[in-house]
Amino acid sequence: MVDQQLKIELGKQGVLVTTIEELYNWGRRSSIWPMQFGLACCAIEMIATTMARYDLARFGAEVFRPSPRQADLMIISGTVTKKMAPQVVRLYNQMAEPRYVIAMGACAISGGPFKQGYNVLKGIDRYIPVDVHIPGCPPRPEALIQAFMTLQKKIDAQPLTGEGRPRHLDAAAQGEFPVPEQGEHDLEPTSNKGVWPVPVVIR
Amino acid sequence: MKSIEEIKSAIEAAIPGAGVELIPNPSPSGQHSLRLAPADAVEVARFLRDDAELAFDFLSNVTGVDWPGKEITEKVKVTRTVTRIVDGVEQQVEETVEEPRKRVEPGCLEVVYHLFSMAKKHGPIVLRMRTVNRTDQVELPSVTPIWRSAEFQEREIFDLYGVVFTGHPDLRRLLMWKGFKDHPMRRDYVDPDDFEYEPTAHDSVLARAAAHKAAIGGVAQKGTGAGE
Amino acid sequence: MTTPAATSAFLREKMEEGWNRPPIMEPDGEAELLEVAMGPHHPSTHGVFRMDLALDGERVIRLKPVFGYLHRNHEKIAEGVSYLASMPYTDRLDYICSLTNNWAYALAVEKLTGQEVPERAEYIRVILGELTRIQNHASSIGFLLQEMGASGTPLMYAFKEREKILDLFESLTGSRMMCNYMRFGGCRVDVSAAWLDAARKVVAGLPGFIDEFENLLSGNEILMARCQGVGILRPELAVNAGVTGPMLRGSGVNYDIRKIDHYGIYDRFRFRVPLGDHGDVYDRYMVRILEMRESIAILNQALKEIPGGSIMDPKAKIRGFRPKPGEAYGRIEAPKGELGFYLISDGGPNPYRYRVRPPSLINLTVLEDMCLGSNVADVVLIFGSVDIVLGEVDR
C-alpha cells in the first residue's frame with residue numbers, strides 16, 4: 001500500500017499513484033447504469049430525479065437501460081405485489097454481476113402503507129439481497145441521490161480479494177435466486193430463507 | 001330527469017311483470033336504487049339504454065358488495081303444554097313462554113350499477129341485483145353486451161367476490177393471478193399467514209402475532225412476535 | 001362532429017348483438033401468429049402492465065390486457081380503517097394527481113353525510129384541482145412523446161413546469177406528491193397570502209410554457225405523421241364503453257363533469273370544453289393541450305376571486321366520525337376522466353363498502369379496439385395516449 005501522505009505529495013508533483021483496486025472501483029462506481037424499471041408511485045420520483053432539476057447524470061447514472069442484461073442497478077421503486085414478485089426476482093436473475101439493488105420507499109422495504117394487503121409482498125428483501133434502503137413515501141429525489149452516493153461509497157469500499165469482495169469475483173457466491181411460485185393462496189415459499197432470515201427482536 | 005318512482009313505473013309499463021323493487025336510501029345523498037330480479041335484468045337494462053326519454057347510455061360504475069349470512073337471535077312466543085301441580089292435583093296446563101331461537105339469515109352477493117345519461121346529461125340511477133346465496137348459486141346475468149364498460153368491472157367482481165356473470169364474453173380473473181383460489185374482497189376472507197414483526201404494533205397486529213406464533217411455534221420463530 | 005344526441009340515435013338504430021365487441025381478426029394467408037407478452041416490465045407501459053399480443057408480422061391481430069401487477073388492495077384496506085384514514089391511501093391511487101383523488105373522496109363522503117363546504121375551501125379545491133390537471137396533462141404528453149421516441153426533451157420540458165407546481169403543493173401541504181390535503185367539509189390548512197402570490201406567479205408563467213411546448217410539438221411533422229389517424233375511437237363506442245375524460249372528448253363527445261354536475265363551484269367560472277374531431281391520438285393530445293389553457297383561465301378567475309373566511313365546515317366532525325347508514329356515489333372530473341367513489345355506510349366508523357371507480361381502468365376497455373390492425377410501434381403510442389396510471393388501474 002502507498003502511504004497516503006506520499007500519495008498526496010506525488011500528486012502535487014503531477015504523478016498519479018493508485019492501486020488497481022481503487023481504479024477498478026472508481027470505474028465501477030462512476031458508471032452505475034440503473035434499469036428502467038418503475039413499479040409504482042416512487043417511479044415518478046425516480047423519473048423526476050433524472051430530470052433537469054435534480055440531474056442524476058451528475059453521478060454517472062443517467063443511462064437507464066430497458067434491458068436487465070445491460071443494467072448494474074435495480075431500483076425497486078414502489079410496491080411489489082405478490083403477482084409481480086416472481087417477475088422482479090426473474091429480472092434480478094437476468095442482470096449480470098456486479099449488480100446492486102436499491103429498495104426505494106416504504107413499500108419496497110416492508111410493504112409500507114399497504115402492508116396489510118393480501119396481495120402485497122412485505123418487503124422485496126424477502127427474495128433478493130438489497131444494498132441500500134431509503135425510507136419515505138415516496139422518498140424525495142434528494143433521498144434517491146443520497147442512496148446513490150451511499151451505494152458508491154459501498155462500491156468504493158469493496159476489496160477485490162478476500163472477505164467482502166463483490167459477488168462477481170467470488171466463484172462460490174450465489175448467482176441465481178429461486179423464483180417464488182404463485183400458489184393457490186399465497187406465494188410459495190413466502191420468503192427465501194437464505195436471503196431473509198426471520199428477524200429477531202431484541203428488547 | 002324522471003323521479004325514481006316514475007322510472008320504476010316506466011319499466012313496469014314497458015316490461016310487464018318485471019321484478020323491480022324500490023330500495024330507499026336514507027342518506028342525504030338521496031340516491032335511491034331499484035333492485036331488479038336477475039331474470040329480467042338484461043331486458044330492463046336494454047330498455048333503460050334505448051328508451052328515448054331515459055337514454056341511460058353510460059354505465060359508469062359496477063360494484064360488488066358482500067352481505068354475509070347473519071345469525072339472528074330473536075325471541076319467539078311458544079305455546080306448550082306443561083304438567084303442573086295445581087291445588088295438589090297434577091294438571092295439564094297450557095302456557096305461553098318466550099323462547100330464544102337462533103335463525104340464520106342467508107347471505108348474498110350484491111352487484112350495484114350506477115347509470116348516467118350522456119345524451120340527456122342526467123343521472124345517476126342505481127340498479128342492484130342479488131344472488132341467491134354466497135356459495136353455489138352465485139350466477140347473475142351480465143350486462144356487458146349492453147354496456148361494454150361493464151366488461152372489466154364484472155371481471156373484477158368475479159375475481160374478488162366470486163359472482164359468476166352469465167353471458168359475459170370473457171370471464172376470467174382480472175387482478176389476482178391465474179390459479180388463485182380465494183375471493184379476497186369477501187368479508188370472511190382469511191389473509192395468508194405471512195405476518196412479521198411490526199415496530200409500532202396495534203392491538204390487532206399483536207393479536208395476529210400471537211396467533212402466528214402459536215400456529216408455527218418452534219425455536220426458529222422465536223422473537224418474531226411484536227408483543228415481546 | 002358527433003353530438004351526444006346523435007350518439008344515442010346511433011345506439012337505438014344499431015341494435016344487433018356484438019356491435020360493441022372488438023372484431024375477430026384473421027391472419028393473412030398462412031402466416032403464423034407470433035404471440036408476444038408486452039410487459040409487465042416494459043419501458044413504455046408507465047409501470048407494471050402487460051399486453052398479450054398476437055401478431056401477424058407487424059400487424060396486431062389480438063390484444064388482451066393483463067392487470068393486477070400493482071393490485072395493492074386499497075378497497076380492502078379502506079374497509080378496515082376509519083373514513084379519514086383512507087384519505088392518504090387515495091393519494092396513492094393516481095399518484096400523479098393526488099389532490100383530485102382527495103377531492104373525489106371528500107366529495108363522496110360529503111354526499112354521504114350532507115356536509116357543506118365553505119366558499120374559501122371550494123376555491124382552494126378548484127385552484128389545487130386545476131393545477132393538478134395542468135401538471136398531469138403536461139407530464140402525460142411528455143410520456144407520450146417519450147414513447148414515440150422523442151427521448152428526454154419533451155419530458156424534461158414537462159417536468160420543469162411540474163416541479164414548479166409541485167413546489168406550490170409542497171409548501172402548502174408538506175409533500176410533493178402525496179398531499180393528503182382535503183378533509184370532509186373543507187381543507188386541512190389555510191392558504192397564506194404569500195402562497196397565493198406564489199401561485200399567481202406560477203400561473204402567470206404557464207401560458208408561456210404551453211406556447212413553448214406547442215411550438216416544440218404541435219406542428220412537428222413527425223408527431224403529426226405518427227399520431228394522426230392512429231388509434232381512432234368512435235364516439236358511440238366510447239360512450240358505450242364508459243370512456244371518460246380527455247379520451248372521450250377527443251372523440252367529440254361533449255361530456256365534462258365540471259359542466260354537467262357543477263360540483264364544487266365550477267358553475268361560477270367561464271371556461272370552454274375542448275373537443276376533438278377524429279378521435280385519434282393527435283386529437284387526444286390536442287384536447288389535453290387545450291384543456292391546460294382552459295385550466296389556466298379557471299385558475300386566473302379563482303385566484304382573483306378567492307374570498308376570505310373559514311376553510312372547514314364548523315359542524316364537521318373529525319373524531320368519532322360515523323355517518324348514518326346509507327350510501328352515496330360522488331364523482332369529479334379528474335384529469336384522467338370520471339373518478340368516482342361509492343360508499344356504503346352501516347353506521348360504523350369504517351365504510352361497509354368502499355369502491356373506487358377508476359377512470360384509467362375503464363378507459364382501457366377500448367384499448368384492443370383501438371389497436372387492432374395497427375403496428376406494434378403504434379400500440380405503444382395508442383396506449384400512451386390513453387393516459388393511465390397503474391396505481392389507479394389496479395388499485
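Criteria and thresholds
Residues numbered from 1 in each chain as written. Chains lettered and ligands numbered in written order. Predicted model: local features only at pLDDT ≥ 70, side-chain atom pairs only at ≥ 80, totals over all residues. Heavy atoms only, no water. Pairing = 2+ DSSP bridges. Helix = DSSP H or I, 4+ residues; strand = E, 2+ residues; numbered from the N terminus. Axes fitted to C-alpha atoms, helices over the stretch in contact; angles between N-to-C directions. Contact = heavy atoms within 4.5 Å. Buried area = accessible area lost by both parts, 1.4 Å probe. Salt bridge = Lys/Arg side-chain N within 4 Å of Asp/Glu carboxyl O. Polar contact = N/O pair within 3.5 Å; in protein donor to acceptor, adjacent residues only side chain to side chain. Nonpolar A, V, L, I, M, F, W, Y, C, P; charged D, E, K, R; others polar. Parallel < 35°, antiparallel > 145°, perpendicular 65-115°, else oblique. Left-handed = near helix turned anticlockwise from the far one by under 90°. Domains from an automatic or database assignment. Phe/Tyr/Trp six-rings, centres within 6.5 Å; stacked < 30°, edge-to-face > 60°. Buried < 20%, exposed > 50% of the residue type's maximum accessible area, 1.4 Å probe, protein only. Lys NZ or Arg CZ within 6 Å of the ring centre and 35° of its normal.

### A closer look at the sheet that holds strand E3 (residues 58-67) of chain B
Residues and elements named next belong to chain B. The sheet built from five strands is open, its strands ordered E1-E2-E7-E6-E3 with mixed pairing. Of all strands in the sheet, those with a lone pairing partner are strand E1 (20-23) and E3, marking the two edges. Taken pair by pair, the neighbouring strands of this sheet meet at an average axis angle of 25°, ignoring direction. In this sheet, strand E7 (residues 122-130) lies alongside strand E6 (residues 108-117) in antiparallel orientation, the contact comprising seven bridges. Within E7, the residue paired with His114 across the bridge is Val126. Contacting E1, strand E2 (33-36) and E7, helix H1 (residues 4-14) runs over the sheet at an angle of about 175° to E1.

### Thoughts on the interface of chain C and chain B
The partner chain B presents 55 residues to the 55 residues of chain C that form the contact. Approximately 4500 Å² of surface area, both sides summed, lies buried where chain C meets chain B, with 54% of it carried by carbon and sulfur atoms. Where chain C touches chain B, the interface holds six salt bridges. In this structure, B:Glu156 and C:Arg395 form a salt bridge, with 2.8 Å as the shortest nitrogen-oxygen distance. Our count for the chain C to chain B interface comes out at 30 residue pairs in polar contact (both at pLDDT 80 or more). Each residue belonging to the side of chain C that touches chain B can be placed in one class, and the counts come to 26 nonpolar, 12 polar and 17 charged.

### Some words on the packing of H1(B) against helix H2 (residues 41-50) of chain B
Residue and element names in this part refer to chain B. Interhelical geometry of H1 versus H2 gives an angle of 115° and a closest axis separation of 11 Å. Judged by the angle between their axes, H1 and H2 are roughly perpendicular. Of the two possible hands of crossing, H1 and H2 adopt the one that is right-handed. Touching Ile7, Ala10, Ile11 and Ala14 of H1 are Val44, Phe47 and Leu48, all from H2. Considering only residue class, the contact of H1 with H2 consists of seven nonpolar, no polar and no charged.

### Observations concerning the domain arrangement of chain A
Residue and element names in this part refer to chain A. Domain assignment breaks chain A into domain 1 (1-30) and domain 2 (32-161). Inter-centroid distance (C-alpha atoms) of domain 1 to domain 2 is 31 Å. In this complex, domain 1 contributes eight residues to the contact, which on the side of domain 2 involves 11 residues. Between domain 1 and domain 2 the total buried area reaches about 830 Å² when both faces are included, carbon and sulfur atoms providing 49% of it. On the domain 1 side of the interface with domain 2, the three residues burying the most area are Asn25, Arg28 and Arg29, jointly 68% of the side's total. Taken together, the connections running from domain 1 to domain 2 amount to one salt bridge.

### Digging into the sheet that holds strand E3 (residues 59-66) of chain C
Within a sheet, each strand pairs with its neighbour through backbone hydrogen bonds, oriented either parallel or antiparallel. All names here are of chain C. The antiparallel open sheet is built from three strands, whose spatial order is E1-E2-E3. Since the sheet does not close on itself, it has two edges, and those belong to strand E1 (34-38) and E3, each with one partner. Strand-to-strand twist across the sheet, computed as the mean angle between neighbouring axes with direction ignored, equals 20°. Pairing of strand E2 (residues 50-56) with E3, which is carried by seven bridges, proceeds in the antiparallel orientation. When the sheet's bridge partners are listed, Asp56 is paired in E3 with Arg59. Sitting on the sheet, helix H15 (residues 376-386) is in contact with E1, E2 and E3, with an inclination near 150° to E2.

### Concerning the packing of aromatic side chains
Under the criterion given, the structure shown has 26 aromatic pairs over all chains. Taking the centre distance of 5.6 Å and the plane angle of 75° together, the rings of A:Tyr118 and B:Tyr189 count as edge-to-face. Here B:Tyr189 lies in the loop between strand E9 (164-166) and helix H4 (203-216) and A:Tyr118 lies in the loop between helix H5 (106-110) and strand E3 (132-134), a pairing that spans two chains. Neither residue differs from the other here; A:Tyr118 and B:Tyr189 are each classed as buried. Ring centres of B:Trp177 and B:Phe180 lie 5.0 Å apart, and the angle between their planes is 75°; this geometry places the pair in the edge-to-face category. In this pair, the class of B:Trp177 matches that of B:Phe180, namely buried. Among the aromatic side chains, those forming a connected cluster through ring pairs are C:Tyr83, C:Tyr105, C:Phe184, C:Phe321, C:Phe341 and C:Tyr354. Directly above the aromatic system of A:Trp196 lies the positively charged group of A:Arg126, at a separation of 4.3 Å from the ring centroid.

### Quick word on the pairing of strand E4 (residues 70-86) of chain B
Residue and element names in this part refer to chain B. Across 17 bridges, the pairing between E4 and strand E5 (residues 89-105) is antiparallel. Within the sheet, the bridge partner assigned to Val76 lies in E5 and is Glu99. Where E4 hands over to E5, the hairpin turn is made up of two residues, of which Asp87 adopts a positive phi near 50°.

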